[in-house]
Amino acid sequence: MLEPVAAEFLRSATQLPPDALARVVDDALARWRNGGRDASRALKASGSQQHALDNALGSMLRPRAEELQAFRQGLLSRVSSTTSIATRAVLNRRTATEEQYRVLTEPFGAEGVQIPRQDQ
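Procedures and definitions
- Residues numbered from 1 in each chain as written.
- Predicted model: local features only at pLDDT ≥ 70, side-chain atom pairs only at ≥ 80, totals over all residues.
- Heavy atoms only, no water.
- Buried < 20%, exposed > 50% of the residue type's maximum accessible area, 1.4 Å probe, protein only.
- Helix = DSSP H or I, 4+ residues; strand = E, 2+ residues; numbered from the N terminus.
- Contact = heavy atoms within 4.5 Å.
- Phe/Tyr/Trp six-rings, centres within 6.5 Å; stacked < 30°, edge-to-face > 60°.
- Core = buried A, V, L, I, M, F, W, Y, C linked by side-chain atoms within 4.5 Å.
- Salt bridge = Lys/Arg side-chain N within 4 Å of Asp/Glu carboxyl O.
- 1 Å grid on protein atoms, 1.4 Å probe; cavity = no way out; pocket = protein on both sides within 12 Å on 5 of 7 lines; lining within 4 Å.
- Points joined across faces, edges and corners; volume = space filled by probe spheres on them.
- Nonpolar A, V, L, I, M, F, W, Y, C, P; charged D, E, K, R; others polar.

**Looking at helix α6 (residues 98-109)**
Then step 1. Listed as buried for α6 are Q100, Y101, V103, L104, T105, P107 and F108.
Then step 2. Elements in contact with the buried residues of α6: α1 (4-14), α2 (18-42) and α5 (75-91).

**Re the packing of aromatic side chains**
Then step 1. Counted by the stated rule, this structure contains one aromatic pair.
Then step 2. A ring pair is formed by F9 and F108, whose centres lie 5.5 Å apart and whose planes are at 75°; its orientation type is edge-to-face. With F9 in helix α1 and F108 in helix α6, this residue pair connects regions lying 99 residues apart in the sequence.

**Here we look at the nonpolar core**
Then step 1. Judged by nonpolar contacts, the single largest core of 32 residues is most densely connected at L2, F9, L16, L104 and F108.
Then step 2. Counting residues per element, this core draws most heavily on α5, which supplies seven residues.
Then step 3. Leave out the neighbours within four places in its chain, and L2 touches A7, L10, Q49, A52, L53, A56 and L91.

**Considering the environment of P107**
Then step 1. For P107, the location among the structural elements is in helix α6.
Then step 2. Apart from residues lying up to four places away in sequence, P107 is in contact with V24, D27, A28, R31 and R102.

**Section: the pattern of salt bridges**
Then step 1. Counted by the stated rule, this structure contains 11 salt bridges.
Then step 2. The partner of D26 in a salt bridge is R72, with the nearest N and O atoms 3.0 Å apart. Pair noted here: D26 is in helix α2 and R72 is in the loop between α4 (65-71) and α5, with a separation of 46 residues, a long-range link.
Then step 3. Judged by its relative accessible area of 29%, R72 falls in the partly exposed class.

**Concerning the side chain of S40**
Then step 1. With respect to the helices, strands and loops of the structure, S40 is situated in helix α2.
Then step 2. Its relative accessible area of 6% is what places S40 among the buried residues.
Then step 3. Apart from residues no more than four positions distant in its own chain, S40 is found in contact with W32, I85, R88 and L104.

**Description of the side chain of T105**
Then step 1. Within the element layout of this structure, T105 appears in helix α6.
Then step 2. We classify T105 as buried; its relative accessible area is 3%.

**What about the layout of surface pockets?**
Then step 1. Looking at the largest pocket, its volume works out to about 240 Å³.
Then step 2. Lining the largest pocket we find 15 residues, and of these A28, L29, W32, T82 and I85 sit closest to its centre.
Then step 3. For the lining of the largest pocket, the secondary-structure elements that each account for two or more residues are α2, α5 and α6.
Then step 4. Broken down by element, the lining of the largest pocket gets its largest block of residues, six residues, from α2.
Then step 5. The class makeup of the residues in the lining of the largest pocket is 10 nonpolar, three polar and two charged.

**Regarding the environment of F9**
Then step 1. When its relative accessible area of 1% is taken as the criterion, F9 is described as buried.
Then step 2. Counting along the chain gives 77 residues from F9 to A86, while the straight-line C-alpha distance between them is 9.0 Å.
Then step 3. The residues contacting F9, other than those within four sequence positions of it, are A86, T87, V90, F108, V113, Q114, I115 and P116.

Okay, here's the thing in structure tokens:
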């Protein structure tokens, strides 16, 4: 089970409309080359956290699969990956550097998702 703060971030992120999710994916991809890859590698989830995250993410995105694929081919997969990485950052927010946390979560914040404070 995900901690409440991470679960709320995940719920909010996966409820964004397709156009907003496409912008998140595009922004995250642009940041990938400028710190995103290194931040993602540094912020791993435990096995049980990753399992809970994968299950929750799948149950939230599965009902939206057709909608997301109709908006943009491959969007479902990219949203899944981008959201998983950002949620891992939320799970590790207390140990992440400010830069790691910012680069991974800011694309969602730009679309109105509430980003938990790192000391929360």
